[in-house]
Amino acid sequence: MSGPRPPARPALPRRLQRRNALFQQWQALLTNRTKRTRSGEMLIQGVRPITQAIAHDVEIRAVLSDGRERSSRWAAELLDDPPAPVVELPGELMAELGERDDGAPELLALAAVPADDLARLSPSPPGIVVVFDRPAGPGNIGSLARTVDALGGDGLVVTGHGADPWDPAAIRASTGSIFAVPVLRAPSHQEVMDWIARRRETGEPWTVLGLDEAGGFELADADLTGPVVLVVGNETTGMSSRWQEACDRVAEIPMGGSASSLNASVAGSIALYEARRQRGRVRG
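Each chain carries its own residue numbering, running from 1 in the direction its sequence is written. Residue-level local features of this predicted model are given only where pLDDT is at least 70; pairs of side-chain atoms are given and counted only at 80 or more, and the full residue set underlies all totals for whole chains, interfaces and linings. As a rule here, side-chain values come from all non-hydrogen atoms in the structure, and water together with hydrogens is ignored.

## Considerations on the sheet that holds strand β5 (residues 128-133)
Phase 1 of the analysis: Should DSSP find at least two bridges between two strands, the strands are regarded as paired. Note on conventions: DSSP H or I runs of at least 4 residues are helices, E runs of at least 2 residues are strands, and numbering of each starts at the N terminus. Spatial strand order, β7-β6-β5-β9-β8-β10: 6 strands in an open sheet with parallel pairing. The two strands at the open ends of the sheet, each matched to only one other strand, are β7 (183-186) and β10 (249-251). Strand-to-strand, the axes of this sheet are offset by a mean angle of 25°, without reference to chain direction.
Phase 2 of the analysis: Pairing of strand β8 (residues 207-211) with β10, which is carried by 3 bridges, proceeds in the parallel orientation. When the sheet's bridge partners are listed, Leu-209 is paired in β10 with Arg-249. Geometry is summarised by axes, namely lines fitted to C-alpha atoms with helices restricted to the contacting stretch, and by angles between N-to-C directions that run from 0 to 180 degrees.

## Points about the packing of aromatic side chains
Phase 1 of the analysis: Pairing of aromatic rings covers Phe, Tyr and the six-membered ring of Trp, with a centre-to-centre limit of 6.5 Å; geometry is then stacked below 30 degrees between planes, edge-to-face above 60, and tilted otherwise. Using the criterion set out here, one finds 2 aromatic pairs in the structure.
Phase 2 of the analysis: With a centroid separation of 6.0 Å and an interplanar angle of 15°, the aromatic rings of Trp-166 and Phe-179 are classed as stacked. A residue pair is termed long-range when its members are at least 10 positions apart, and Trp-166 in the loop between β6 (156-159) and α7 (168-174) and Phe-179 in the loop between α7 and β7 qualify at 13 residues.
Phase 3 of the analysis: Geometrically, the ring pair formed by Trp-195 and Trp-206 is edge-to-face, given 5.3 Å between the ring centres and 70° between the ring planes. Of this pair, Trp-195 sits in helix α8 (residues 189-201) while Trp-206 sits in the loop between α8 and β8, placing them 11 residues apart in sequence.
Phase 4 of the analysis: With a 1.4 Å probe rolled over the protein chains alone, any residue whose accessible area is under 20% of its type maximum counts as buried; one over 50% counts as exposed, and the rest are partly exposed. For Trp-206, a relative accessible area of 5% corresponds to the buried category.
Phase 5 of the analysis: When the NZ atom of lysine or the CZ atom of arginine is within 6 Å of a ring's centre and also within 35 degrees of its normal, the charge is said to sit over that ring. Taking NZ or CZ as reference, Arg-249 lies 3.7 Å from the ring centre of Phe-217, over its face.

## Concerning the pairing of strand β9 (residues 228-232)
Two faces make up the sheet, and in a regular strand the side chains alternate between them.
Phase 1 of the analysis: Counting buried residues in β9 gives 5 out of 5 residues, a clear majority hidden from the surface.
Phase 2 of the analysis: Going residue by residue along β9, you find Val-228, Leu-230 and Val-232 tucked away on one face and Val-229 and Val-231 tucked away on the opposite face as well.
Phase 3 of the analysis: Strand direction decides the pairing type here: β5 and β9, joined by 5 bridges, are parallel. The residue of β9 that forms the bridge with Phe-132 is Val-232.
Phase 4 of the analysis: The pairing of β8 with β9 spans 4 bridges and is classified as parallel. When the sheet's bridge partners are listed, Thr-207 is paired in β9 with Val-228.

## Considerations on the pattern of salt bridges
A side chain with one charge can pair with a side chain of the opposite charge if their charged atoms come near.
Phase 1 of the analysis: Salt bridge, as used here: a side-chain nitrogen of Lys or Arg that lies within 4 Å of a carboxyl oxygen of Asp or Glu. Scanning the model with the defined rule gives 16 salt bridges in all.
Phase 2 of the analysis: Residues Glu-204 and Arg-199 are paired through a salt bridge, measuring 2.9 Å at the closest nitrogen-oxygen approach.
Phase 3 of the analysis: A salt bridge links Glu-274 to Arg-277; its shortest N-O distance comes to 2.6 Å. Separated by 3 residues within a single helix, Glu-274 and Arg-277 lie in helix α10 (residues 264-283), roughly one turn from each other.
Phase 4 of the analysis: We classify Arg-277 as partly exposed; its relative accessible area is 34%.
Phase 5 of the analysis: Sharing partners across several salt bridges, the network here consists of Arg-36, Asp-116, Asp-164, Asp-167 and Arg-185.

## Structural notes on the nonpolar core
Phase 1 of the analysis: Each nonpolar core is a collection of buried residues, namely Ala, Val, Leu, Ile, Met, Phe, Trp, Tyr and Cys, held together in the definition by side-chain atoms within 4.5 Å. Met-42, Ile-44, Phe-179 and Leu-209 are the most contacted members of the largest nonpolar core, which totals 47 residues.
Phase 2 of the analysis: Top contributing element to this core by residue count: α10, with 5 residues.
Phase 3 of the analysis: The contact partners of Leu-209, leaving out residues within four places of it in the chain, are Phe-217, Leu-219, Ala-222, Leu-224, Val-228, Val-229, Leu-230, Val-231, Cys-247, Arg-249, Val-250 and Ala-251.
Phase 4 of the analysis: Core analysis: the next-biggest nonpolar cluster, separate from the first, contains 20 residues, Ala-186, Val-192, Ile-196 and Trp-243 among them. Contacts are assigned to residue pairs that have any heavy atoms within 4.5 Å of one another.

## Let's talk about the UniProt feature "domain: SpoU L30e-like N-terminal" (unreviewed entry) in the protein chain
Phase 1 of the analysis: UniProt positions are given in the numbering used here, feature names are shortened, and annotations may be inferred rather than shown by experiment. With numbering matched to this structure, UniProt assigns "domain: SpoU L30e-like N-terminal" (unreviewed entry) to residues 20-109.
Phase 2 of the analysis: For residues 20-109, helix accounts for 48% and strand for 18%, while the C-alpha atoms at its two ends are 18 Å apart.

## Things to note about the side chain of Asp-164
Phase 1 of the analysis: Along the chain, Asp-164 turns up in the loop between β6 and α7.
Phase 2 of the analysis: Assessed through its relative accessible area of 3%, Asp-164 is described here as buried.

## Quick look at the pairing of β6
Phase 1 of the analysis: Side-chain alternation along β6 places Leu-156 and Val-158 on one buried face and Val-157 and Thr-159 on a second face that is also buried.
Phase 2 of the analysis: In terms of strand pairing, β5 meets β6 through 4 bridges, oriented parallel. Note on β6: the bridge partner recorded for Val-131 is Val-157.
Phase 3 of the analysis: Tracing the backbone out of β5, into helix α6 (residues 138-150) and back to the parallel element β6 gives a crossover that is right-handed.
Phase 4 of the analysis: Across 4 bridges, β6 lies against β7 in parallel orientation. From the neighbouring strand, Val-158 faces β7, where its bridge partner is Arg-185. Clockwise travel from the first strand over the helix to the second, with the strands pointing away from the viewer, marks a crossover as right-handed.

What follows is the structure, given as C-alpha cells:
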C-alpha cells in the first residue's frame with residue numbers, strides 16, 4: 001500500500017512581471033545555501049551549463065526566458081521543445097537572476113539539486129573518485145569538477161562543512177561538467193570510508209591517497225593504477241585530521257620557486273593527470 005502523496009507543487013505563471021514572492025525565492029538561490037538545501041533547487045546560468053544539465057538528465061523544473069523576439073538558435077531550439085514549463089520575465093529581472101551587468105541572459109534554468117547519495121558513484125575499473133574536504137571557495141569546486149570530467153574521474157564528493165557545489169559560482173566554473181559526473185556532498189569522511197569498505201568487501205582493492213605539501217613521498221612514486229580515492233584538502237588548512245588518519249598514504253607534489261603551496265583544484269588536477277598517465281602506461 002502506497003503512502004500519502006506529497007503535496008502538489010503550485011503551478012508556475014506563464015509570465016512574471018514584478019519582484020514578487022516567487023522571484024524572491026529564486027533570487028535567494030543565488031546566495032543562500034540554506035534556501036537551496038531546503039528547497040532542493042538551484043539556478044543554472046549559461047549556455048553550456050544548461051545544455052549539460054539537460055543532456056545529463058538533471059531534473060529541470062522551469063525554464064526562465066527574457067521573451068526576446070529574436071532568439072539565438074540554441075534558445076529557439078530549446079524553447080521549441082522545453083524540458084519544463086517556461087516562465088517569461090522582464091529583462092531587468094532576468095539580468096538580476098543571471099548576475100549579469102551586460103544585459104539579460106536569454107534563458108536560465110531552475111533545477112532540482114541531485115541527491116547526496118553515494119550509491120550514485122558507479123566507478124568503472126580501475127576507478128578514481130576525488131574527495132574535496134571542506135573547500136573554501138565554490139570556484140575551486142567547479143574547477144576540480146571540470147578536471148574530474150576531463151581526465152576520466154568517476155565522481156567528486158565534497159565532505160565536511162565548506163562551500164556548496166550548487167552555488168552558481170561553482171556551476172559556472174565547471175562550465176557544466178558538474179552535471180556530467182556524479183557530484184555530491186557528505187557530512188564527513190565516515191560516509192566515504194563506509195562506501196570504500198563496502199567496495200573492498202566485494203574484492204575491489206581501493207586505496208585512499210591524500211595530497212599534502214609535506215606528504216613524505218612524491219606523487220609520481222604512488223601507485224595510481226588501481227582503484228583510488230584521491231583526497232584534496234581545504235585550500236588553507238589541508239585535509240582534516242580524520243582524513244589524514246583514514247589515508248593509506250599521503251603524497252606531495254614537489255615544487256620549486258617561492259610558492260608555499262598549490263591551489264587545491266590545481267593539486268587535484270595534477271594528481272588526476274598522473275593517474276591517467278600511469279594507467280595509460282600500464283595499458284600500453
